[in-house]
Amino acid sequence: MKTAMKNTSFHRGGALIIAMLVAALAAAVAVTLIVGEQRWLAGVEAQRDHAQAQALADAGVRMARHILFQEMHRGEAVVHLKESWAFPLPPTPFENGFVEGRIIDLQGRFNLNNLLPTSRTKRADLERLNRLCRQLELDGNTCQALFHHYLAGLDVDNPSSSTLTLPPLFDLGDLALPAAAMSKLAPHLTALPEPVSLNLNTAERDTLRAIFADIRDEDLNKILAERDSRPFFSLTDFRRRLPPDVRTFNEEGLGVNSRYFLITVRARQGDARAQAQALVRRDAKRWPEIVWKTVE
């Protein structure tokens, strides 16, 4: 009888242990499912927030194009830094996020594709870019690497005699310049789909200095102050308002208008961030056309 009682107690103890193991296993499975579901939900929410952030950034590009379109129809024949497009859009809050952006006139920079054999202002632009390299104290090897894409096998003095065909440069990164040199050059250079004029109203100080073979700091300051007071309305107006000691410069490839603008928009939704960039071309009476656009 004692043996039977021991066997019964043993079986009861074994059943209890099994029941406890089953309960623990069920709890572990439940926890795993809950954690997995939470991770899945978090992943879905992250994807949703990123998609919404991208949509906000893309909407910002459309708004920037609208600003450019409106500004073009205000009747002014020039592009300058007091127009509405030139002022950055500060972070604008939305529910659980924000959007910000800015528009840059890329014709305020030296267009490397002005060095293409088909460009009528190639020689003048080459002289300006050489001056810029000297101003930025870049070594000769860097300057040679900068121009190699365009100058290999080309007669600079008589470009029309060359049979060399070169595609336009698309990305400044294709130049493969040292990082230190590129950080100095990048604010002054661009690569547009075609040769274009340099806008005297939007060029930065060092870019504007490179127009002149020789200019004193005080005279350059006067030009910038004059421009800030009132934009230049033509090359004739620019020449007329120069300081008395500044008269010699090559007018080829210079202007006071622009067609190409770079739009950059950043957006945040929750913890997700997105950025959109677009190069747009603006022509009279047409909605600004997207040359290329990235949203990431």
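Here, every reference points to the structure presented above.
Presented here is an overview of the structure given in this document. Just so it is clear, the structure is predicted and the values come from calculations on it, not from any experiment. (Residues numbered from 1 in each chain as written. Predicted model: local features only at pLDDT ≥ 70, side-chain atom pairs only at ≥ 80, totals over all residues. Heavy atoms only, no water.)

Some remarks on the environment of P288
Point 1. Along the polypeptide, P288 turns up in the loop between β8 (272–281) and β9 (289–295).
Point 2. Placed 224 residues apart in sequence, P288 and A64 show a C-alpha to C-alpha distance of 9.6 Å.
Point 3. P288 has contacts with R65, L68, F69, V280, R281 and R282, leaving out every residue within four places of it along the chain. (Helix = DSSP H or I, 4+ residues; strand = E, 2+ residues; numbered from the N terminus. Contact = heavy atoms within 4.5 Å.)

Quick word on the side chain of N199
Point 1. Here N199 shows up in strand β5 (residues 198–199).
Point 2. Side chain to side chain, N199 and S258 meet in a polar contact 2.8 Å long. (Polar contact = N/O pair within 3.5 Å; in protein donor to acceptor, adjacent residues only side chain to side chain.)

Comments concerning the pattern of salt bridges
Point 1. If you walk through the whole model with that rule in mind, you get 18 salt bridges.
Point 2. Measuring nitrogen to oxygen at the nearest pair gives 3.0 Å for the salt bridge that ties E194 to R259. Pair noted here: E194 is in the loop between β4 (189–190) and β5 and R259 is in the loop between β6 (254–255) and β7 (260–269), with a separation of 65 residues, a long-range link.
Point 3. Between R240 and D237 there is a salt bridge, with the nearest N and O atoms lying 2.6 Å from each other. Taken as a pair, R240 and D237 lie in helix α7 (residues 235–240) at a separation of three residues, close to a single helical turn.
Point 4. Given a relative accessible area of 56%, R240 falls into the exposed group. (Salt bridge = Lys/Arg side-chain N within 4 Å of Asp/Glu carboxyl O. Buried < 20%, exposed > 50% of the residue type's maximum accessible area, 1.4 Å probe, protein only.)

Brief notes about the nonpolar core
Point 1. Membership of the largest hydrophobic core comes to 40 residues, with the highest contact counts inside it found for L112, L146, L189 and F212.
Point 2. Secondary structure elements with two or more residues in this core: α2 (122–135), α3 (140–151), α4 (179–185) and α6 (217–229).
Point 3. Element by element, the count of residues in this core is highest for α2, at four residues.
Point 4. Sequence-distant contacts of L146, that is, excluding residues within four places in its chain, are made with L112, C133, L175, L177, L185 and L189.
Point 5. Judged by nonpolar contacts, the second largest core, of 17 residues, contains L56, A57, V79 and A86. (Core = buried A, V, L, I, M, F, W, Y, C linked by side-chain atoms within 4.5 Å.)

Examining the sheet that holds strand β1 (residues 89–94)
Point 1. Here five strands make up an open sheet; going across it, the order is β1-β2-β7-β8-β9 and the pairing antiparallel. Bordering the open sheet on either side are β1 and β9, each of which pairs with just one other strand. Strand-to-strand twist across the sheet, computed as the mean angle between neighbouring axes with direction ignored, equals 15°. (Pairing = 2+ DSSP bridges. Axes fitted to C-alpha atoms, helices over the stretch in contact; angles between N-to-C directions.)

Side note on α6
Point 1. Helix length check: α6 (13 residues) gives 18 Å between terminal C-alpha atoms against 18 Å at 1.5 Å per residue, within 8%.
Point 2. All of the buried residues in α6 are D219, L220, I223, L224 and R227. Projected onto a plane normal to the axis of α6, the buried residues spread over an arc of 140° and lie on a single side. Exposed residues pointing more than 90 degrees away from the buried face of α6 are listed as D228 and S229.
Point 3. On the buried face of α6, the contacting elements are α5 (205–209) and α7. (Expected span 1.5 Å × (residues − 1). Arc of directions from axis to C-beta.)

Concerning α2
Point 1. Spanning 14 residues, α2 covers 20 Å between terminal C-alpha atoms, matching the ideal 20 Å at 1.5 Å per step.
Point 2. Turning to α2, its buried residues are K122, A124, D125, L126, R128, L129, R131, L132 and C133.
Point 3. In the stretch just after α2, E137 is the one whose phi turns positive, near 60°.

Some remarks on the pairing of β1
Point 1. Counting buried positions along β1 yields zero of six residues, so the element is predominantly exposed.
Point 2. Where β1 lies against strand β2 (residues 97–105), four bridges are found, and the strand directions are antiparallel. The partner of T92 across the bridge, within β2, is V99.
Point 3. In this structure, the hairpin formed by β1 and β2 is closed by a connection of two residues, where N96 is found at a positive phi of approximately 65°.

Some words on the pairing of β7
Point 1. A large share of β7 lies buried, amounting to eight of its 10 residues.
Point 2. Relative to β7, β2 is paired through nine bridges, and the arrangement is antiparallel. The partner of R102 across the bridge, within β7, is T264.
Point 3. Here β7 runs beside β8; their pairing, made up of 10 bridges, is antiparallel. Each residue of the ladder has a partner; that of A267, found in β8, is A274.

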